[in-house]
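Results of the structural survey
Next come the chains, spelled out residue by residue.
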Number of protein chains: 2
Amino acid sequence: MSPDRLRRAAEQMRALDVDALLIGPGADLRYLSGYAALPLERMTLLVARADDIHTLIVPELERPRAEAMDLPDDLEVRDFAETQDPVDLVASACAPLGPSPRLGVGDRLWATFLLAIQHALPTRASYLPASTVTRELRMRKGPEEIDALRRAGQAIDRVHARVPGLLRPGRTEAAVGADIADLILAEGHEQVSFVIVGSGPNGASPHHELSDRALEPGDAVVVDIGGTLDGYGSDCTRDYLVGHAPLGYMDIHATLEAAQQAACDIAAPGVTAEAVDAAARDVLDEAGLGGYFIHRTGHGIGLEEHEEPYIVAGNELPLEPTMTFSIEPGVYLPDRFGMRIEDIVVVTHDGIERLNTGERRPVPAG
Amino acid sequence: MSPDRLRRAAEQMRALDVDALLIGPGADLRYLSGYAALPLERMTLLVARADDIHTLIVPELERPRAEAMDLPDDLEVRDFAETQDPVDLVASACAPLGPSPRLGVGDRLWATFLLAIQHALPTRASYLPASTVTRELRMRKGPEEIDALRRAGQAIDRVHARVPGLLRPGRTEAAVGADIADLILAEGHEQVSFVIVGSGPNGASPHHELSDRALEPGDAVVVDIGGTLDGYGSDCTRDYLVGHAPLGYMDIHATLEAAQQAACDIAAPGVTAEAVDAAARDVLDEAGLGGYFIHRTGHGIGLEEHEEPYIVAGNELPLEPTMTFSIEPGVYLPDRFGMRIEDIVVVTHDGIERLNTGERRPVPAG
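Residues numbered from 1 in each chain as written. Chains lettered and ligands numbered in written order. Predicted model: local features only at pLDDT ≥ 70, side-chain atom pairs only at ≥ 80, totals over all residues. Heavy atoms only, no water.

Okay, the pairing of strand S8 (residues 219–229) of chain B next. All names here are of chain B. With 11 of its 11 residues buried, S8 lies for the most part within the structure. Inspection of the sheet shows strand S7 (residues 191–199) paired to S8 by 8 bridges, in the antiparallel sense. Bridge pairing in S8 places Val-192 opposite Gly-227. Pairing of S8 with strand S10 (residues 236–242) involves 7 bridges; the strand directions are antiparallel. Note on S10: the bridge partner recorded for Ala-220 is Leu-241. (Buried < 20%, exposed > 50% of the residue type's maximum accessible area, 1.4 Å probe, protein only. Helix = DSSP H or I, 4+ residues; strand = E, 2+ residues; numbered from the N terminus. Pairing = 2+ DSSP bridges.)

Laid out in structure tokens, this is it:
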């Protein structure tokens, strides 16, 4: 963890007129403090202030875990006992911020904690998502972060290279998925984040995971898999064929390949996120397939599987070097089949670099 | 899933003067609707109303997954497209609830969704944790829930029975933990929830997980493990010895056994949760060990690893038949060793039944 992240967060708070961030367990906390806290019903909360006074509030029995994490020097750790109300510590860590502080609340902080905090702090306090501040930092990756994403990408590519050998008629999606999960760990991830094996008509549901459906000759199979490696995510989708391709599949897939390539071709510094989405969508629209592309083109990736920037209509954010996100158009024909091609990319000074490089055409099983 | 849970939730809302529940992905949603939603940055929200009008709001591309889940008949599913704001659907599902509705918000709903909802709904709406309503249902388990917890308990007992064979000097906690994780799945859990192997001084941190520390002769080892089976949790801690016991260990462990037994002996319908905590604590206090018992005696368990009722000082809740929770006193001597004995129990008509039955004394490795 880079030691100056709290300092940069405080700078960003001052620029955005935010008085403090209230951050629970999760990616923002890991990013800012290096602390991989457990998501517990006992509150863990980082109070990071624009005036550079930072407090980490932890349950007493988590204090050893927290202090084992090489926390930043300028972070004071305060703990509370089993029968104490941690909200008192939050109020004290926020004092004095004036009668109407603007507080950034961790996007994934549990509502039960936010409600307790809202009751304890001044009624004229206002709340906004902490990502308003942290996105400005986390969207732009440091070299060590890009390196971790590259290694995660290479690891998931090695898993995909072994998927054809797992797809045999008669095997269930669940059995194939279990093997893939083992491979994700064997190839160096510390955690399996998701395994989607969408065979035949199941491929037409973009977030179908696994089922007991057995593979059949003539199945198209969407395999979308990811894990984390040194805390950073991998996420890559490839399409496979068990036996012959379904009627019409190869032509549609060629169009999808062109759509994914078009989005990769246009992505570069200064180009908006929505322009990348439109580049893929236009190719599919022209082929009359736009109605079957029912999700955005991509999402940022880093400490979280899905984070800013989102590659979606309406997002006018101009891309910048070191931003990392997926480019993953798909086509879903209900009751027939689905397909999706997904690479993680990093924006360079004049375009993008793909962090996934495996075959993007449909790969025959076996 | 029992089909009348939404109806009982609505009854409970009327009894507690709550107009609606706003529930995101998680245990409350699974309990009330049977829908195991993914925790996504796209909102999924159940709006369950006291007037028996219930709406499930899902992202368009999750609709197939949701509808595959055998949802209750009286639940209307509404979806939103990638570029639509789901908060409009929330406002419409809440209308008309009057100018100052009382809304129960899912305890673990992400703050970013709660803030968006608070902005969109009437400013005189008030918010409370949804668990105020759902705890009344979920604390009292149905027969099918107790059956699932019993099978999960038996499965984790079978894992513990094989732990002594894994604990050999020179093996790391991480290596032992990986083997245990495999066994948790092999014994019928669908998911590993946590694996704690606290060897030697690491055992003195109650939530220490795994490290690269190699086991040594003379280590006491705390092994606290759990998974889910048919959605319901297992959670059982046992203590092991690699070679000889550390100085003083056996006497202290005998006291801990007496403390855990005392809590099990007193637990019965009508007895308060805090009385169960006190029963264990008193035994350790009398032996001068109270200062080393730094956490509550237990937590409820069901669809969540930790849920109501909490067995802790200050909780005056009287126990009732079918409540399920852990009884897990521990002793932690900093820099030396730790120990904890944990069983899941279910309250019967006149006492408790333990769902974990393996040896509670320190078990020699090998």
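Picking up after the structure, the text goes on.
Turning our attention to the sheet that holds strand S2 (residues 45–49) of chain A. Think of a sheet as strands paired side by side through backbone hydrogen bonds, with each pair either parallel or antiparallel. Residue and element names in this part refer to chain A. Sheet architecture is open: 6 strands sit in the order S4-S3-S2-S1-S5-S6, paired in mixed fashion. Edge positions in the open sheet fall to strand S4 (75–80) and strand S6 (126–129), since each of these has one partner strand only. The average undirected angle you get between the axes of adjacent strands in this sheet is 20°. Examined bridge by bridge, strand S3 (residues 54–59) and S4 share 6 bridges and lie parallel to one another. (Axes fitted to C-alpha atoms, helices over the stretch in contact; angles between N-to-C directions.)

How big an interface is tends to be stated in terms of accessible area lost as the parts join. Taken together, the contacts link 38 residues of chain B with 38 residues of chain A. For the pair chain B and chain A, the two sides together bury roughly 3,200 Å², of which 59% comes from carbon and sulfur. In this assembly, chain B and chain A are joined by 4 salt bridges. Linking chain B to chain A there are 13 residue pairs in polar contact (both at pLDDT 80 or more). Listed by contribution, the elements that provide at least two residues to the side of chain B that touches chain A are helix H3 (63–67), helix H5 (111–120) and strand S6 (126–129) of chain B. In terms of residue count, H5 of chain B provides more of the side of chain B that touches chain A than any other element does, 6 residues in total. In terms of residue class, the side of chain B that touches chain A is built from 18 nonpolar, 10 polar and 10 charged. (Contact = heavy atoms within 4.5 Å. Buried area = accessible area lost by both parts, 1.4 Å probe. Salt bridge = Lys/Arg side-chain N within 4 Å of Asp/Glu carboxyl O. Polar contact = N/O pair within 3.5 Å; in protein donor to acceptor, adjacent residues only side chain to side chain. Nonpolar A, V, L, I, M, F, W, Y, C, P; charged D, E, K, R; others polar.)

Take the pairing of S2 of chain A next. Residues and elements named next belong to chain A. With respect to burial, S2 is a largely interior element, 5 of its 5 residues being buried. With 4 bridges joining them, strand S1 (residues 20–23) and S2 adopt antiparallel strand pairing. Following the sheet pairing, Leu-22 is matched in S2 by Val-47. Two strands pair when backbone bridges link them, and S2 and S3 are joined in this way by 4 bridges, in the antiparallel orientation. For Ala-48, the partnering residue across the bridge sits in S3 and is His-54.

This brings us to the confidence of the model for chain A. Confidence in the prediction of chain A, expressed as mean pLDDT, is 95, and 99% of residues score 70 or more. Across the assembled chains, the prediction reports ipTM 0.81 with pTM 0.83. (pLDDT = per-residue confidence, 0-100.)

On to the side chain of Asp-343 of chain A. All names here are of chain A. Here Asp-343 lies in strand S16 (residues 343–347). Side chain to side chain, Asp-343 and Arg-354 meet in a polar contact 2.8 Å long. A distance of 2.6 Å separates a polar atom in the side chain of Asp-343 from a polar atom in the side chain of Arg-360. Excluding residues that lie within four positions of it along the chain, Asp-343 makes contacts with Arg-238, Gln-260, Phe-325, Ser-326, Ile-327, Arg-354, Asn-356 and Arg-360.

Residues and elements named next belong to chain B. By the secondary structure assignment, Ser-234 is in the loop between strand S9 (232–233) and S10. Residue Ser-234 is classed as buried on the basis of its relative accessible area, which comes to 2%. Reaching out from Ser-234, the side chain makes a polar contact with the side chain of His-189 at a distance of 2.8 Å. Not counting residues up to four positions away in its chain, the partners in contact with Ser-234 are Ala-152, Gly-153, Ile-156, His-189, Phe-194, Ile-225, Gly-226, Gly-227 and Ile-301.

Moving on: the environment of Ala-273 of chain A. Residues and elements named next belong to chain A. As for its placement among the helices and strands, Ala-273 is situated in helix H10 (residues 273–286). Sequence separation of Ala-273 and Leu-317 is 44 residues, and the distance between their C-alpha atoms is 5.7 Å. Beyond its immediate chain neighbours, meaning those up to four positions away, Ala-273 contacts Tyr-310, Ile-311, Val-312, Asn-315, Leu-317 and Leu-319.

This part takes up the relation of the copies chain B and chain A. At an RMSD of 0.1 Å, chain B and chain A line up after a rotation of 180° and a shift of 0.1 Å along the axis. In symmetry terms, the pair is related by a two-fold rotation axis. A shared interface surface links the copies, since 100% of the contact residues of chain B are contact residues in chain A too. (Least-squares fit on C-alpha atoms with pLDDT ≥ 70 in both.)

Below, the discussion takes up the environment of Lys-141 of chain A. All names here are of chain A. Looking at where Lys-141 falls in the secondary structure, it is placed in the loop between helix H6 (131–138) and helix H7 (143–162). Separated by 118 residues in sequence, Lys-141 and Ile-23 have C-alpha atoms that sit 20 Å apart. With sequence-adjacent residues up to four places away left out, Lys-141 is seen in contact with Ile-146, Leu-149, Ile-301, Gly-302, Glu-307, Thr-322 and Thr-324. A distance of 2.9 Å separates a polar side-chain atom of Lys-141 from the backbone oxygen of Arg-138.

Another point: the sheet that holds strand S1 (residues 20–23) of chain B. Residue and element names in this part refer to chain B. Spatially, 6 strands are ordered S4-S3-S2-S1-S5-S6 in an open sheet, and the strand pairing comes out mixed. In this open sheet, the two edge strands, each paired with only one partner strand, are strand S4 (75–80) and S6. With strand direction ignored, the average angle separating the axes of adjacent strands in the sheet is 20°. Running at roughly 155° to S6, H5 makes contact with S1, strand S2 (45–49), strand S5 (102–105) and S6 of the sheet.

This brings us to the packing of helix H1 (residues 5–16) of chain B against helix H6 (residues 131–138) of chain B. Residue and element names in this part refer to chain B. Running from N to C, H1 and H6 point in directions that differ by 130°, and their axes come no closer than 9 Å. Considering the angle they form, H1 stands oblique to H6. H6 is crossed by H1, and the crossing has right-handed handedness. Each of Arg-5, Arg-8, Ala-9, Gln-12, Met-13 and Leu-16 in H1 lies in contact with H6, whose residues at this interface are Thr-132, Val-133, Glu-136 and Leu-137. For the contact of H1 with H6, the per-class residue count stands at 5 nonpolar, 2 polar and 3 charged. (Parallel < 35°, antiparallel > 145°, perpendicular 65-115°, else oblique. Left-handed = near helix turned anticlockwise from the far one by under 90°.)

What follows concerns the environment of Val-346 of chain A. Residues and elements named next belong to chain A. Checked against the element boundaries, Val-346 lands in strand S16. Separated by 24 residues in the primary sequence, Val-346 and Thr-322 place their C-alpha atoms 5.9 Å from one another. Sequence-distant contacts of Val-346, that is, excluding residues within four places in its chain, are made with Ile-146, Thr-322, Met-323, Thr-324, Gly-351, Ile-352, Glu-353 and Leu-355.

Further remarks concern the pattern of salt bridges. Overall, the coordinates contain 70 salt bridges over all chains when judged by the stated rule. Arg-8 of chain B serves as the salt-bridge partner of Asp-4 of chain B, at 3.8 Å between the closest nitrogen and oxygen. Relative accessible area serves as the criterion here: at 28%, Arg-8 of chain B is assigned to the partly exposed category. It is possible to trace a salt-bridge network through shared partners that takes in Asp-28, Arg-108, Arg-138, Lys-141, Glu-304 and Glu-307 of chain A.

Residues and elements named next belong to chain B. Between helix H7 (residues 143–162) and helix H8 (residues 173–186), the least distance of the axes is 9 Å, while the angle of their chain directions is 145°. The two elements H7 and H8 cross, and the hand of that crossing is right-handed. Contact residues: H7 offers Ile-156, Val-159 and Arg-162, while H8 offers Ile-180, Leu-183 and Ile-184. Of the residues in the contact of H7 with H8, the class split is 5 nonpolar, no polar and 1 charged.

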